Amino acid sequence: MMRIPNADFLERSGSEILGARLWKLPPRSASTLHKHVSAEEFYFVVEGMGRIRIGEETLTVPQHGGVLVGPQPLRQVFNDTGSDVLWLIIGAPEAELQPKEVFDKSLFYPVDPKQLPKELAGSEWPPK
């Protein structure tokens, strides 16, 4: 949705209880603003200086630092620097997901998922 390059490391493993993706955020970019119903996620900065908003709070996460985000709060990683930032995001699938034919996206995206944090005011992402 936000055109952020990413790679799913556990897709080929067939794991049904864990997911892990690398997300490379270019300068002045952001992931989707989203939440989870019951799953926790662990956000780890592999390279660069990470920025994440959780609810109304914005955190700066140093390289090789991490933060655990529980279910329910809105969250979004973003990059308001001039260099790429590489995140490893690990989580578990939602326990009570509905079948795809009746899947309610509003559970994960209760607000516009493409909105940018105030730190990226004046930026346009995703690129057209």
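Preceding this paragraph is the structure being described.
Residues numbered from 1 in each chain as written. Predicted model: local features only at pLDDT ≥ 70, side-chain atom pairs only at ≥ 80, totals over all residues. Heavy atoms only, no water.

A. Inspection of unusual backbone geometry at higher detail. Put simply, W125 and P126 share a cis peptide bond, and its omega is 5°. Mapping P126 onto the fold places it in the segment after β9 (85–91). With a phi angle near 70°, H64 is a residue other than glycine that sits in the positive phi range. Note on placement: H64 falls in the loop between β6 (57–61) and β7 (66–69). Of the residues examined, H64 reaches a relative accessible area of 54% and is grouped as exposed. Non-glycine residue Q72 carries a positive phi angle of around 90°. As for its placement among the helices and strands, Q72 is situated in the loop between β7 and β8 (75–79). (Helix = DSSP H or I, 4+ residues; strand = E, 2+ residues; numbered from the N terminus. Buried < 20%, exposed > 50% of the residue type's maximum accessible area, 1.4 Å probe, protein only.)

B. Quick look at the sheet that holds strand β5 (residues 50–54). In space, the four strands of this open sheet follow the order β3-β8-β5-β6, with antiparallel pairing throughout. Each edge of the open sheet is held by one strand with a lone partner, namely β3 (29–30) and β6. Pairing of β5 with β6, which is carried by five bridges, proceeds in the antiparallel orientation. Counted as the bridge partner of R53 is T58 from β6. (Pairing = 2+ DSSP bridges.)

C. Spatial organisation of the packing of aromatic side chains. Overall, the coordinates contain two aromatic pairs when judged by the stated rule. Each ring, one from F42 and one from F44, has its centre 6.5 Å from the other, and the planes form 25°; the classification is stacked. Owing to a relative accessible area of 34%, F42 belongs among the partly exposed residues under this scheme. Residues Y43 and W87 carry aromatic rings whose centres are separated by 6.0 Å and whose planes lie at 85° to one another, so their mutual orientation is edge-to-face. One end of the pair, Y43, is in strand β4 (residues 41–47); the other, W87, is in strand β9, and 44 residues separate them in sequence. Residues Y43 and W87 agree in their burial class; the two are buried. (Phe/Tyr/Trp six-rings, centres within 6.5 Å; stacked < 30°, edge-to-face > 60°.)

D. Inspection of the sheet that holds strand β1 (residues 6–8) at higher detail. The strand order β1-β2-β9-β4-β7 describes an open sheet built from five strands, whose pairing is antiparallel. Of all the strands in the sheet, the pair left with one neighbour each is β1 and β7. Averaged over all pairs of adjacent strands, the angle between strand axes in this sheet comes to 20°, irrespective of strand direction. The pairing of strand β2 (residues 19–25) with β9 spans seven bridges and is classified as antiparallel. (Axes fitted to C-alpha atoms, helices over the stretch in contact; angles between N-to-C directions.)

E. Geometry of the nonpolar core. Counting residues in hydrophobic clusters, the biggest one holds 18 residues, and the most contacted among them are Y43, I52, V61, V67, V77 and W87. Those elements that place two or more of their residues in this core are β4, β5, β7, β8 and β9. The element best represented in this core is β9, accounting for three residues. The contact partners of V77, leaving out residues within four places of it in the chain, are L25, A30, S31, Y43, R51, I52 and W87. (Core = buried A, V, L, I, M, F, W, Y, C linked by side-chain atoms within 4.5 Å. Contact = heavy atoms within 4.5 Å.)

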